[in-house]
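Reading the structure
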Amino acid sequence: MTNLSSTIVEPATGVIGQKLAGRVALVTGGTRGIGAAICRSLASQGASVAAGYSGNKERAALFVKEFERDFDGPGRVTTHQGNVSHPEDCRRVVQEVLDEHGRIDILVNNAGITMDKMAMKMSIEDWNTVLAVNLSGSFYMAQPTLEHMVERGTGRIIFVSSVIGETGNIGQANYAASKAGMLGLTKTLAKEAAFILARSGRLEENGVGITVNTVTPGFVATEMLENVPEKVLDKIKSTIPVGRLCHPDEIARVVHFLAADASAYITGQVWGVNGGLDM
Ligand code: CAA
């Protein structure tokens with residue numbers, strides 16, 4: 001039998017490339033799980049990182065400590081507290097990052113929550129809260145960031161959606177709807193960004209431009225899976241063609257690929273990283 005562990009992407013430690021040197025990335029939900037892996041992956045290509053978090057200060061402090069240990073000491077990372085479902089928090093965080101880093105080249109809308117229940121038992125509050133964080137929060141972050149990117153004429157926005165937004169899932173009406181909504185938001189922002197640059201004569205032949213894309217992870221081994229009953233998780237695992245859960249770093253490497261200047265011709269796209277779950 002193939003040893004799967006020999007093919008697994010390891011967490012990024014240390015700068016190993018310069019594809020994102022001089023770039024500044026803002027990652028929501030960036031201090032743990034997939035978001036932390038994304039921050040580290042971007043940093044491994046030379047980017048400075050601003051990581052958003054909502055409530056867990058201790059986790060944010062630990063993230064910074066580990067990041068500074070692994071990536072050139074202090075100065076490359078900042079953290080920013082805010083609730084993405086509050087538009088005023090989003091504008092403040094974007095301004096904070098601009099004040100502290102001078103620019104935002106890459107926005108990764110990663111912050112997300114689940115409140116799983118069968119649709120018939122789902123409260124209106126559970127519906128609204130998940131939509132507010134996952135979908136509206138992504139829009140509230142993208143709007144002020146896009147204003148800044150359009151001013152400069154370059155940028156990358158990457159949404160972390162989910163395979164559930166494409167396939168649906170028992171117990172996840174709110175989550176699936178929010179993640180599916182991100183796909184339409186991605187394509188619209190991608191079209192608008194290209195349109196605005198073209199209209200102002202700034203769509204250059206070999207330019208970096210502004211691109212907007214989505215990654216749709218499958219079931220990733222993070223704290224989010226802790227709420228799924230074991231019997232249900234076993235059932236889910238048995239449906240994944242590659243036979244295992246995804247590692248956060250396997251999502252992060254696709255994000256850093258899309259964030260690179262050389263990915264300028266990829267926009268409005270949905271990148272599935274799900275072990276074949278949607279085949
Ligand atoms: N897929 C397949 N079967 C499922 C299922 C799922 N997602 N969710 C529930 N079921 C099945 C259960 O196995 C069970 O079947 P049996 O009666 O044959 O045993 C039946 O539905 C009822 O389930 P419960 O006994 O758990 O019922 P409940 O009312 O106590 O809870 C629930 C319902 C809240 C939906 C719970 O089952 C649950 O949390 N399911 C998991 C939902 C899920 O997959 N969440 C993913 C979280 S990770 C994530 O969202 C990240 C991402 O992007 C992928």
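Predicted model only: the values in this text are computed from it and were never measured. Residue positions are given per chain, counting from 1 as you read along its sequence in written order. Residue-level local features of this predicted model are given only where pLDDT is at least 70; pairs of side-chain atoms are given and counted only at 80 or more, and the full residue set underlies all totals for whole chains, interfaces and linings. Side-chain metrics in this entry use all non-hydrogen atoms of the structure; hydrogen atoms and water are not considered.

What follows concerns helix 6 (residues 173-199). By definition, any uninterrupted DSSP run of H or I lasting at least four residues is a helix, any uninterrupted run of E lasting at least two residues is a strand, and each is numbered from the N terminus. To estimate how far a helix should reach, multiply one less than its number of residues by 1.5 Å. Given a rise of 1.5 Å per residue, 27 residues ought to cover 39 Å, and the 39 Å separating the end C-alpha atoms of helix 6 matches this to within 8%. Remark: Gly-201 follows helix 6 within two positions and exhibits a positive phi of approximately 70°.

Lining the immediate environment of the ligand, one finds 22 residues, of which Asp-116, Ser-162, Asn-169, Gln-172 and Tyr-175 sit closest. Throughout this description, a polar contact denotes any pair of N or O atoms lying within 3.5 Å of each other; where both atoms belong to protein, one of them has to be capable of donating a hydrogen while the other can accept it, and for residues adjacent in sequence the pair is counted only when both atoms sit in side chains. Separating an oxygen atom of the ligand from a side-chain N or O atom of Ser-162 is a distance of 2.6 Å. A distance of 3.3 Å separates a nitrogen atom of the ligand from a polar backbone atom of Ile-170. Starting from 980 Å² of accessible surface for the ligand in isolation, the protein chains cover 71%. Take the shell around the ligand: its biggest share by element is four residues, from helix 7 (residues 230-237). One heavy atom within 4 Å of a molecule or strand is enough for the residue carrying it to be called near that molecule or strand. The protein chains shown are the only cover counted for residues, whose accessible areas, like all others here, come from Shrake-Rupley with a 1.4 Å probe.

Here the focus is the layout of surface pockets. Quantified by volume, the second largest pocket comes out at close to 360 Å³. Any residue with an atom within 4 Å of a point lines the site, the site being either a cavity, points on a 1 Å grid over the protein atoms alone where a 1.4 Å probe fits but cannot get out, or a pocket, an open set with protein on both sides within 12 Å along at least 5 of 7 lines. Residue lining of the second largest pocket: 18 residues in total, with Leu-203, Gly-207, Val-208, Gly-209 and Ala-264 positioned closest to the centre. Counted by class, the lining of the second largest pocket contains seven nonpolar, seven polar and four charged residues. Grid points are joined across faces, edges and corners, and a volume is the space filled by probe spheres set on the points. All amino acids are sorted into three groups, where Ala, Val, Leu, Ile, Met, Phe, Trp, Tyr, Cys and Pro are nonpolar, Asp, Glu, Lys and Arg are charged, and the leftover types, Gly among them, are polar.

What follows is about the packing of aromatic side chains. How two aromatic rings sit relative to each other is set out by the distance from centre to centre and by the angle between their planes. Note on ring pairs: Phe, Tyr and Trp rings are taken, using the six-membered ring of Trp, and paired if centres are within 6.5 Å. Classes follow the plane angle, with under 30 degrees stacked, over 60 edge-to-face and the rest tilted. The final tally for this structure, using the stated rule, is four aromatic pairs. An angle of 35° between the planes, with centres 4.8 Å apart, marks the rings of Phe-67 and Phe-71 as tilted. Relative accessibility thresholds used throughout: buried, under 20% of the residue-type maximum; exposed, over 50%; partly exposed, between the two (1.4 Å probe, protein chains only). Taking the relative accessible area as the measure of exposure, Phe-67 reaches 0% and is therefore buried. By relative accessible area, Phe-71 is classed as buried at 0%. Centre to centre, the rings of Phe-257 and Trp-271 are 5.5 Å apart; their planes meet at 55°, and the pair counts as tilted. Taken as a pair, Phe-257 in helix 8 (residues 248-259) and Trp-271 in strand 7 (residues 270-273) lie far apart in primary sequence, 14 residues in all. An aromatic cluster of three or more residues is present, and its members are Phe-63, Phe-67 and Phe-71.

It is worth spelling out the packing of helix 4 (residues 124-152) against helix 6 at this point. Interhelical geometry of helix 4 versus helix 6 gives an angle of 15° and a closest axis separation of 9 Å. Looking at the two axes, helix 4 sits roughly parallel to helix 6. For the pair helix 4 and helix 6, the crossing hand works out as right-handed. Across the interface between the two elements, Asp-126, Trp-127, Val-130, Leu-131, Asn-134, Leu-135, Ser-138, Phe-139, Ala-142, Leu-146 and Val-150 of helix 4 pack against Ala-173, Asn-174, Tyr-175, Ala-177, Ser-178, Lys-179, Gly-181, Met-182, Leu-185, Leu-189, Ala-193 and Ile-196 of helix 6. Residues that form the contact of helix 4 with helix 6 fall into these classes: 16 nonpolar, five polar and two charged. Lines fitted to C-alpha atoms define the axes, with helix axes restricted to the stretch in contact, and inter-axis angles between N-to-C directions lie between 0 and 180 degrees. What sets the label is the angle itself: under 35 degrees gives roughly parallel, over 145 gives roughly antiparallel, 65 to 115 gives roughly perpendicular, and the rest give oblique. Crossings are assigned a handedness: left-handed for a near helix turned anticlockwise from the far helix by less than a right angle, right-handed for a clockwise turn. Here, two residues are considered to be in contact whenever any of their heavy atoms come within 4.5 Å of each other.

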